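Residue-level structural notes
For reference, the chains in residue letters:
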Amino acid sequence: MLYYAVKVIVSALVIVAVSEIAKRSTGFAAFVASLPLTSLLAFVWLRLEGTEAEKIGELSGQIFWLIIPSLLLFPLLPFLIRYGLGFWTALAASVAGTAGAYLLMLPLLRRMGVNL
């Protein structure tokens, strides 16, 4: 149980750190947030739990393919805000657009032989 508490605390600290850094420097916060910290933490936690390196490598490859549609969120959100949508509406539309990109990407990946 202590192990899971440590996992939650460390993972939460990363998120809190990015939001606190953003209050002082959005550029540095963007840099920290752009690091694949979630993936790195997942790889470390999996390895510490005894997961084979090959399985972690497979996860890494699958993450790569799913990053592509997720990138739509980042230009779409500021574009929608710049064109007058409120934050929450722009965020919801950006998330919906990103979800749509995932739905379009999955069949394309299957045709390319990438199994998720």
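I will try to describe carefully the structure that is included in this document. (Residues numbered from 1 in each chain as written. Predicted model: local features only at pLDDT ≥ 70, side-chain atom pairs only at ≥ 80, totals over all residues. Heavy atoms only, no water.)

Some points on the packing of aromatic side chains
Tallied over the full model, the rule gives six aromatic pairs. Considering the side-chain rings of Y3 and W45, the 6.1 Å spacing of their centres and the 90 degrees angle between planes classify their relative orientation as edge-to-face. Of the two residues, Y3 sits in helix α1 (residues 2-24) while W45 sits in helix α3 (residues 37-48), which places them 42 residues apart along the sequence. Chaining the aromatic ring pairs together yields one cluster made of Y3, Y4 and W45. (Phe/Tyr/Trp six-rings, centres within 6.5 Å; stacked < 30°, edge-to-face > 60°. Helix = DSSP H or I, 4+ residues; strand = E, 2+ residues; numbered from the N terminus.)

Some thoughts on the pattern of salt bridges
In a structure, side chains of opposite charge can pair up when their charged atoms sit close to one another. Evaluation of the coordinates by the stated rule reveals three salt bridges. One salt bridge connects E49 with K7, and the closest N-O pair in it is separated by 2.6 Å. Note that E49 is positioned in the loop between α3 and α4 (53-70) and K7 in helix α1, a separation of 42 residues in sequence. A relative accessible area of 39% means that E49 is categorised as partly exposed. We classify K7 as buried; its relative accessible area is 17%. (Salt bridge = Lys/Arg side-chain N within 4 Å of Asp/Glu carboxyl O. Buried < 20%, exposed > 50% of the residue type's maximum accessible area, 1.4 Å probe, protein only.)

Side note on the packing of helix α5 (residues 73-82) against helix α6 (residues 87-111)
α6 packs onto α5 with a crossing angle of 150 degrees between their chain directions and a minimal axis gap of 9 Å. Viewed along their axes, α5 and α6 form a crossing whose handedness is right-handed. Facing L73, L76, L77, L80 and I81 of α5, the residues of α6 in contact are F87, A90, L91, A93, S94, V95, G97 and T98. Among the residues making up the contact of α5 with α6, the classes are represented as 10 nonpolar, three polar and no charged. (Axes fitted to C-alpha atoms, helices over the stretch in contact; angles between N-to-C directions. Left-handed = near helix turned anticlockwise from the far one by under 90°. Contact = heavy atoms within 4.5 Å. Nonpolar A, V, L, I, M, F, W, Y, C, P; charged D, E, K, R; others polar.)

Digging into the layout of surface pockets
One simple way to see leftover space: roll a probe sized like a water molecule over the atoms. Roughly 730 Å³ of internal volume is contained in the largest pocket. Surrounding the largest pocket, 25 residues form its lining, A33, S34, L35, T38 and F74 being those nearest its centre. Among the secondary structure elements, those contributing two or more residues to the lining of the largest pocket are α1, α2 (26-34), α3 and α4. When grouped by side-chain class, the residues that make up the lining of the largest pocket number 18 nonpolar, seven polar and no charged. (1 Å grid on protein atoms, 1.4 Å probe; cavity = no way out; pocket = protein on both sides within 12 Å on 5 of 7 lines; lining within 4 Å. Points joined across faces, edges and corners; volume = space filled by probe spheres on them.)

Brief notes about the environment of L73
Topologically, L73 is positioned in helix α5. Measuring from C-alpha to C-alpha, the distance between L73 and A99 comes to 9.3 Å, with 26 residues separating the pair along the chain. The residues touching L73, leaving out its near neighbours within four places in the chain, are P78, S94, V95 and T98.

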